[in-house]
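# Secondary and tertiary structure notes
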Amino acid sequence: MELHPEARAVIDLYGSLDMPAIETLSPPEARASRASLRVPSNQPCREIDDIDAGGVSARRYRNTATGDATGLLVWIHGGGWVTGDLDGADPVARSLAVLTGHTVLSVDYRLAPEDPFPAGLDDCHAALTWASEHAATLRIDPARIAIGGDSAGANLAAVVANETTVPLVHQLLVYPVTDARASRPAHHNESYLDERNDLFLTAAAMTWFVDQYLAGTQVAHDDPRVSPLHANADVLASGPPATVFTAGFDQLRDEGAHYAQRLAGAGVPTSHVHFAAHTHGFFAMHTALGDARMAQAAAAQALCDAFGS
């Protein structure tokens with residue numbers, strides 16, 4: 001399988017910017033570098049509000065004209081646990097709210113290394129719990145809550161899905177980090193060893209991200225709260241149905257596929273959707289990639305099915 005021509009055009013454009021490798025930057029510099037690449041969304045959405053979700057900054061998206069209670073997707077942005085914020089997550093969160101007609105709550109969790117593991121994870125738990133307890137305020141149905149995210153955000157979403165006491169109807173995991181050990185050379189899987197995957201997310205960058213996330217802690221790389229692939233089957237079986245997206249030209253391809261297999265093996269209804277001709281990050285590139293629009297539509301349909309509408 002070759003890289004999709006649209007993806008190649010995006011890669012070439014990115015390469016022409018001559019951006020420094022993220023692992024050569026300090027965390028504040030890395031955030032500024034990533035922020036400089038943002039293209040704000042002009043997609044209309046009826047209601048967008050910044051809110052305090054139990055002490056965690058969050059942004060609520062709602063695109064329905066009625067006051068009826070909707071389902072809720074708690075969305076957790078990517079960025080290697082080090083970069084990303086509500087503005088960076090805005091295009092995807094807004095798009096999913098529009099495509100589904102349900103509410104999206106985007107979570108602005110604390111970032112490493114200033115706030116290493118488990119600070120960001122704790123924030124995601126807190127925001128989800130707050131949303132469940134304040135369903136009337138959000139105008140959502142507490143029996144129809146899903147969690148999701150992309151990359152490191154999907155890692156956090158998967159861990160929360162395995163740990164939370166809030167009933168969830170779905171977990172939407174977009175190229176999730178599921179095995180932090182794979183970032184270490186001794187544990188590289190096949191997708192890490194394939195140099196064709198050193199595109200938007202390089203092996204060196206992934207090592208740097210994990211190091212920042214666990215900075216100053218004694219947490220093992222295979223701790224299930226960091227690497228949900230290593231959770232036991234009973235824990236996985238307690239989670240909600242899942243949709244897992246992976247990309248062919250991605251360091252995280254194999255661990256995402258393995259996690260989908262483990263979920264299915266534990267009895268969790270699981271759909272694994274693979275875009276073989278695309279790179280890490282493609283899901284958010286819906287203004288440039290037709291397949292990203294297709295992926296978002298598939299994600300929206302999975303959520304609507306889970307919400308029963």
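Our subject is the structure that appears above.
Residues numbered from 1 in each chain as written. Predicted model: local features only at pLDDT ≥ 70, side-chain atom pairs only at ≥ 80, totals over all residues. Heavy atoms only, no water.

So, on to the pairing of strand 2 (residues 57-62). Most of strand 2 sits inside the fold, with 5 of its 6 residues counted as buried. Where strand 1 (residues 47-52) folds back onto strand 2 in an antiparallel hairpin, the turn is made up of 4 residues, including G54, whose phi is positive at roughly 65°. As judged from the 4 bridges shared by strand 2 and strand 4 (residues 103-107), these two strands associate in the antiparallel manner. Bridge assignment links R59 to a residue of strand 4, and that residue is S106. (Buried < 20%, exposed > 50% of the residue type's maximum accessible area, 1.4 Å probe, protein only. Helix = DSSP H or I, 4+ residues; strand = E, 2+ residues; numbered from the N terminus. Pairing = 2+ DSSP bridges.)

So, about unusual backbone geometry. Cis geometry marks the peptide bond from A112 to P113, where omega comes out at 5°. Across the junction of F117 and P118, the peptide omega takes the value 10°, indicating a cis bond. Tracing the chain through its elements places P118 in the loop between strand 4 and helix 4 (119-133). Of note, D18 is a non-glycine position whose phi angle comes to about 55°, a positive value. Mapped onto the secondary structure, D18 falls in the loop between helix 1 (5-16) and helix 2 (27-35).

As for its position among the elements, T103 is in strand 4. With residues up to four places along the chain from it excluded, the contact list for T103 reads R60, Y61, R62, T70, G71, L72, L73 and I140. (Contact = heavy atoms within 4.5 Å.)

The next subject is the packing of aromatic side chains. For the coordinates displayed, the defined rule picks out 8 aromatic pairs. For the ring pair F245 and F275, a centre distance of 6.4 Å and an interplane angle of 25° mean the geometry is stacked. In this pair, F245 is assigned in strand 7 (residues 242-249) and F275 in strand 8 (residues 270-279), connecting sequence segments 30 residues apart. The class of F245 is buried, set by a relative accessible area of 0%. An aromatic cluster of three or more residues is present, and its members are Y175, F245, F275, F282 and F283. (Phe/Tyr/Trp six-rings, centres within 6.5 Å; stacked < 30°, edge-to-face > 60°.)

Let us now look at the nonpolar core. Core analysis: the largest hydrophobic core is formed by 64 residues, its most contacted members being W81, I147 and Y213. The dominant element in this core, judged by the number of residues it contributes, is helix 6 (residues 152-163), at 8 residues. Setting aside its immediate chain neighbours within four residues, I147 contacts L73, V74, I76, L128, A157, V160, A161, L168, H170, Q171 and L172. Core analysis: the second largest hydrophobic core is formed by 32 residues, V10, A89, F200 and F282 among them. (Core = buried A, V, L, I, M, F, W, Y, C linked by side-chain atoms within 4.5 Å.)

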